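# Reading the structure
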Amino acid sequence: MRLEMGNFPVKDVIFGDKSVYQDGILTINKEEALAVVREDEHITDADIVIARPGEKKRIVPVKEAIEPRYKVDGGSNFPGVIDKVERVGEGLTYALKGCSVLAVGKHWGSFGDGLIDMSGEGANYSYFSKLINICLVADTDEEFERYEQQKKNRAIRWAAHRLAVYIGSIVRDLTPEQENQEVFELEPITRRSKAVNDLPSVVYVMQAQSQMEEIGYNDLVYGWDMNKFVPTFMHPNEILDGALISGSFMPCSSKWSTYDFQNAPMIRKLYQEHGKSINFLGVIMSNLNVQLEQKKRSAIFVAQMAKSLGADGAILTEEGYGNPDADFIECFVALEDVGVKTVGLTNECTGRDGQSQPLVTLDEKANAIVSTGNVSELIKLPPMETVIGELQALARDGLSGGWADDEKLGPSVKEDGSIILENNSMFCGDQIIGWSPKMMKEF
Amino acid sequence: MKKAILYINQFFAGIGGEDKADYTPEIRAELVGPAMLLNQLLDAEVTHTIICGDNYMGSNEEEAVKTILGFLADIEFDIFIAGPAFQAGRYGNACGVIGKAVKEKFNVPVVSSMNPENPGVDMFKKDIYIFPGGKSAAKMRTDMKQIAEFANKILRGERLGSASDEGYYVRGIRHMVWREDEQPASERAMAMLLKKLKGEEFVSELPIPKIDRVPVAAPVADLSKATIALVTSGGIVPVDNPDRIQSASATRWGRYNIEGVDKLGNREEGQFKTIHAGYDPAAADTNPNRVVPLDALRAYEKEGRIGKIHEYFYTTVGTGTTEAEAARMGKEMVEYLHNEGVDAVILTST
Amino acid sequence: MANLIPVAKTVGANRMVPTISIPYPLGDPSTPEKEQWKLRYHRVGVALTALETPIEEQTVFEVRI
C-alpha cells in the first residue's frame, strides 16, 4: 500500500473574501466555511475563531481536533463518518500542516472535553498550543444530552470534520513543493527483501477507546463503533489517512484526537526505522473493554496475530487509564507469553500526591514501559485575556479534570478567570500517541 | 538565621553504648556530638540537640515520641535532622520514628541518612528524606555533608530535583516532569524496544512496584447471626446526590438508609442512580441493584441465611480516586461499621 | 465482588467473587429479568459462602452462573 502525502505548511490563517492558500498564508472565506458547518440543521449557532501559538487565549471545552485534509483523487477523507465507506491509506492526500480544526462547545462541555492554553505555563500541557487552531465554536439542539455529563457531541464533531475537509479542499488544485511530499509505503509482508526480513519484525498494537456500550461515544474505525470490534490487522497508512476517528468519552489527557491518529508519531517513527533497524509489519488495532472476558479475548487475538505474523517485538499503547490498564497489562502479558518482546506506552494515575499505584493492575512481565504523564497532577493557571468557548464549562459540566466546588480548593474556575484543574482535562495532554516530552520521576 | 534541630542516640551523645541504650529522651540547648559538625555545614543555626537511647525508643515508642514532641512544642525550627544512623538498625528505626512524627506534627522537612542495609530505610523512606550512608561512623563527615547540602537547598527554597537527581532513596512518590532533552515518547519507546530486542539493558520508566498484601480476615463464625453491610465504589447515590460525591477523583463518600427497603428504586422513580463517570451509567440507572445487590441480600436475610442487613449502604466513586483518598474514606467507613456492630461487608466495584 | 479480578488482586483483596462486567456487575440488561435475578442471587450467595470460609491466601471463589 502506497500513500503519498502532499504537505502545505501553514504560517498563518486569516479570513478573507476568497478561500485561498498562498505563500503559506491560508485565507478562509468564513461564510462559505460556516455554510459547510450548517449543513447539519442540529447546529444552531456557529462561529470560527483563530487561535495562534503565543496568543493570550484559552480554549475550552475542546471536543475534537482534526488536521485539514483532502483526498486529491476524490476518495473518502473520513470513511463511514462524513464520507462513504471505502478504503483509505493509498493514493494522494493533501494536508495543511501546522494547523488544526478544533471542535469547541460555545457553552456546553462534557466529561471527555479538554482545555488548551495558547501561551504561558498552560501551553506546556497540550501539543495543540503549538498549532494554529481554527476553532469551530458551536452550539446545537441536542437537548437529550444538554445536561448529561457524558455527551456524544455528534453534531459539533461531525461539523468539524466537514470543516476540516472544506479547508483541506482549498489546496485541491495546487501542487505541493517537492520537499513537502512524503511517501508511506510498506511491501506486503511475504514479499519483502531478505535484508528487511532479517531485521527484527515489529508490530504496533493500539488499544483505542471503546468502553461505552451505547453507540456514539467511542472511537470509530471506518465509521464502525469500536465497542463492537475484535482486534484487526491494519495497514499503518489507513490510520494516517482518516480510517480512525476519535471518540467522546475518556478523560481528555489520555485521549487520542483524530489529529493524533492522522499524524501518529509512533507510526512515523516505526516507518523511519523500517528497513534500517526493524521490519515494520503493521498495526494490530485493538480496543478497551468493560468485562474481564472481553479483555482476555482481545489479548488472545492480539497475541495470536502478532505471533502468526512473526513479530519479534511490539509497541503496545492504550488510549486511557484506570480500567483500561487491565486491558493493557493483560495484552502485555499475553504478548510476552508468546515470546513477543514488548514495550508499553502509557500514562499513569499516581494521584495529586503522587503516591497512588501508577496503573490499576501490575505484572512483573510488564518490564519495559515508557510513561508520558500523570493524569491527576494538579495545575493552577492565571487568567487569560481571551476565552474561546466558555470557561465555566470546566467547572460546571463535569469535565474529568474540573469541579464545581471543593472544600479545600474551591471551584475550578475563579472569579478573576484563573483556574485550577487536574491534568486530566488538558486536551490530549499526555500525548500517549507519542509526542509527549514528559515522563514520570520519583521524588 | 534559620534554625535546625538534630536528633542523635545515646552513643553519639557520648553518654554510653549498649549499657546506656535505655537512656530517656533529653533536649539540650547546645551542640552535642555530631551537632557541631552539622552546625558548621548548615546555613542555619543548630539550636538544640535531642538525645534518646535506641532501646528506649524501641520499647517505649509512644512515650518517647510524646516526650520529644513535647520538647519541641514551644521551639521554633525550620528543619529537623536525624542521624546519620549508618548501619545501626535500632538507631535507624529511632531516626525514622521520630522523623516521621516530627514531620506530621510540625510540618517541617526531615532529613536523615542510613546505610542501604539499615532496615530503617524500607520502613521510613516514604515518610522522610533518607540519603544512602556509610556502614559506620567513619563516614560521619561524608554522610553529614550530604544531609547538610540537601538541607541547605531546602532552606534556600530552591526547587528540589527528583530522587535520582538529589540522591535520596526513592519514596514511591511519582510526579510528571518535562524532559530537558524534550525527547518524545515515540523515540524513547523505539530506543527501548531496540535494546530489549537485542537483549541489551534498558531502564523502564515505570518500574513495577511491589504489590501490597493485606492480612487475611478470619471467617464469620455464624452468618445466621451476623450483620452484613453493603459498600460500593460504583457511585450509587440518591438521585439528588445529597453529599455531592464527585463523579471522578472522589474525596467524599456517603451512607444512605435502606432500612425496610426491599430493593433500590431507580433513577426514573426518583430513587437511586450512579454518578460514577468512569462507566456507562445506563444499566446502573435502570436498576441500581445490579451494582448494590440489596434485593438479593434481602432475600437471604428473609431466608435466615444471614442475621440482618446493616441499616445503611456506603458508597463512593472509584474512578481516578487516589489510593490515599480511598484509604482515608475506607477507614472513615470502617469506624461507622465497627461502632454499629457490622460483622462483615460485601464490597462491590465497577 | 468485582469483574476485574486482576485489579482486586493487585490492591490486595483476599476473598474475591467475580461479577460479570464493569457497568453491570450483577445483571446483564440484555438478558431477561429472571436470569439477571438468578445470577445476582447466586453470586451474592457465593460471597456469603466466601465470608464464612477460612482461607490462607488470596482466593477467587468460583461461580456457576
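Everything that follows concerns the structure shown earlier in this document.
Here is a short report on the structure shown in this document. (Residues numbered from 1 in each chain as written. Chains lettered and ligands numbered in written order. Predicted model: local features only at pLDDT ≥ 70, side-chain atom pairs only at ≥ 80, totals over all residues. Heavy atoms only, no water.)

## Points about the overall build of chain A
- Within chain A, the regular secondary structure consists of 9 helices and 25 strands.
- The C-alpha radius of gyration computed for chain A amounts to 21 Å, which stays within 12% of the reference 22 Å derived for 443 residues, consistent with globular compactness.
- By its C-alpha atoms, chain A is 60 × 55 × 40 Å across when sized along the principal axes.
- A buried classification covers 68% of the 443 residues belonging to chain A. (Helix = DSSP H or I, 4+ residues; strand = E, 2+ residues; numbered from the N terminus. Rg over C-alpha atoms; globule rule 2.2 N^0.38 Å. Buried < 20%, exposed > 50% of the residue type's maximum accessible area, 1.4 Å probe, protein only.)

## Notes on the interface of chain B and chain A
- Opposite the 53 residues of chain B that make contact, chain A presents 71 residues.
- Counting each side, the surface lost to burial between chain B and chain A is near 5,400 Å², with a carbon and sulfur contribution of 61%.
- Area buried by chain B at its contact with chain A is led by B:R174, B:M176 and B:K196, which between them contribute 14% of it.
- Along the contact surface separating chain B from chain A lie 6 salt bridges. (Contact = heavy atoms within 4.5 Å. Buried area = accessible area lost by both parts, 1.4 Å probe. Salt bridge = Lys/Arg side-chain N within 4 Å of Asp/Glu carboxyl O.)

## Digging into the interface of chain A and chain C
- Contacts between the two partners involve 13 residues from chain A, matched on the other side by 11 residues from chain C.
- A buried area of about 910 Å², summed over both sides, lies between chain A and chain C, and 65% of it is on carbon and sulfur atoms.
- When the area that chain A buries against chain C is broken down by residue, the three leading residues are A:V290, A:Q291 and A:L292, summing to 44%.
- Those elements giving two or more residues to the side of chain A that touches chain C turn out to be α7 (292–308) and α8 (323–337) of chain A.
- For the side of chain A that touches chain C, the element with the highest residue contribution is α8(A), accounting for 3 residues.
- Across the side of chain A that touches chain C, the residue classes tally to 5 nonpolar, 5 polar and 3 charged. (Nonpolar A, V, L, I, M, F, W, Y, C, P; charged D, E, K, R; others polar.)

## What to know about the sheet that holds strand β17 (residues 244–245) of chain A
- Taken in spatial order, the 3 strands of this open sheet run β15-β14-β17 (chain A), and their pairing is antiparallel. Every other strand in the sheet has two partners, leaving β15 (224–225) and β17 of chain A as the edge strands with one partner each. (Pairing = 2+ DSSP bridges.)

## A look at the sheet that holds strand β10 (residues 254–257) of chain B
- Taking strand neighbours across the sheet as the criterion, the 4 strands line up as β10-β12-β8-β13 (chain B) in an open arrangement whose pairing is mixed. Across the chains shown, the open sheet's two edge strands, defined by having one partner strand only, are β10 and β13 (344–348) of chain B. Adjacent strand axes in the sheet meet at a mean angle of 25°, parallel and antiparallel pairs treated alike.
- Here strand β8 (residues 227–232) of chain B runs beside β13(B); their pairing, made up of 5 bridges, is parallel. Paired with B:T232 across the bridge in β13(B) is B:T348.
- The strands that helix α11 (residues 323–339) of chain B touches are β8, β10, β12 (308–315) and β13 of chain B; relative to β12(B), the one it contacts most, it runs at about 165°.
- Sheet strands touched by helix α2 (residues 33–52) of chain C: β8 and β13 of chain B. Its angle to β13(B), the strand with the most contacts, is close to 140°. (Axes fitted to C-alpha atoms, helices over the stretch in contact; angles between N-to-C directions.)

## A word on helix α2 (residues 154–168) of chain A
- An ideal rise of 1.5 Å per residue puts 21 Å on 15 residues; α2(A) measures up with 21 Å between its terminal C-alpha atoms.
- Here α2(A) lies mainly inside the structure; 14 of its 15 residues are buried. (Expected span 1.5 Å × (residues − 1).)

## Brief notes about the pairing of strand β13 (residues 201–208) of chain A
Residue and element names in this part refer to chain A.
- With respect to burial, β13 is a largely interior element, 8 of its 8 residues being buried.
- Burial of the side chains of β13 extends over both faces: S201, V203, V205 and Q207 are buried on one face and V202, Y204, M206 and A208 on the other.
- Pairing analysis gives 6 bridges linking β13 to strand β19 (residues 313–318), with the strands arranged parallel. Across the sheet, V205 pairs through a bridge with L316, a residue of β19.

## Notes on the side chain of A:S246
- Secondary-structure assignment places A:S246 in the loop between β17 and α5 (258–263).
- Dropping the residues within four chain positions of it, A:S246 is found in contact with A:E64, A:R157, A:D219, A:K255, A:W256, A:S257, A:T258 and A:F261.

## Section: the packing of aromatic side chains
- A complete count under the given rule lists 30 aromatic pairs over all chains for this structure.
- Measuring from centroid to centroid gives 6.3 Å for A:F111 and A:F249, while their planes differ by 45°, and the two rings are tilted. Placement of A:F111 in the loop between β9 (99–105) and β10 (114–117) and of A:F249 in the loop between β17 and α5 is noted, with a sequence separation of 138 residues between them. Here A:F111 matches A:F249 in class, with each residue buried.
- Ring geometry for A:F128 against A:Y259: centres 5.3 Å apart, planes inclined by 70°, an arrangement best described as edge-to-face. With A:F128 in the loop between β10 and β11 (132–140) and A:Y259 in helix α5, the pair connects residues that are 131 residues apart, well separated along the chain.
- For A:F128, a relative accessible area of 0% puts it in the buried group.
- Following the ring pairs from residue to residue traces out a cluster consisting of A:Y127, A:F128, A:Y259, A:F427 and A:W435.
- Its guanidinium or amino end placed over the ring of A:W108, A:R396 lies 4.6 Å from that ring's centre, counting from NZ or CZ.
- Between the NZ or CZ atom of B:R255 and the centre of the ring of B:Y312, over which it lies, the distance is 3.8 Å. (Phe/Tyr/Trp six-rings, centres within 6.5 Å; stacked < 30°, edge-to-face > 60°. Lys NZ or Arg CZ within 6 Å of the ring centre and 35° of its normal.)

## Considerations on the packing of helix α6 (residues 265–273) of chain A against helix α8 (residues 185–198) of chain B
- Running from amino to carboxyl end, α6(A) crosses α8(B) at an angle of 45°, the nearest separation of the two axes being 9 Å. The pairing of α6(A) with α8(B) is recorded here as oblique in orientation. Judged by the sense of rotation from one axis to the other, the crossing of α6(A) with α8(B) is right-handed. Where α6(A) abuts α8(B), its residues A:P265, A:M266, A:K269, A:L270 and A:E273 lie against B:S186, B:E187, B:A189, B:M190 and B:L194.
- Taken together, the residues that form the contact of α6(A) with α8(B) break down as 6 nonpolar, 1 polar and 3 charged. (Parallel < 35°, antiparallel > 145°, perpendicular 65-115°, else oblique. Left-handed = near helix turned anticlockwise from the far one by under 90°.)

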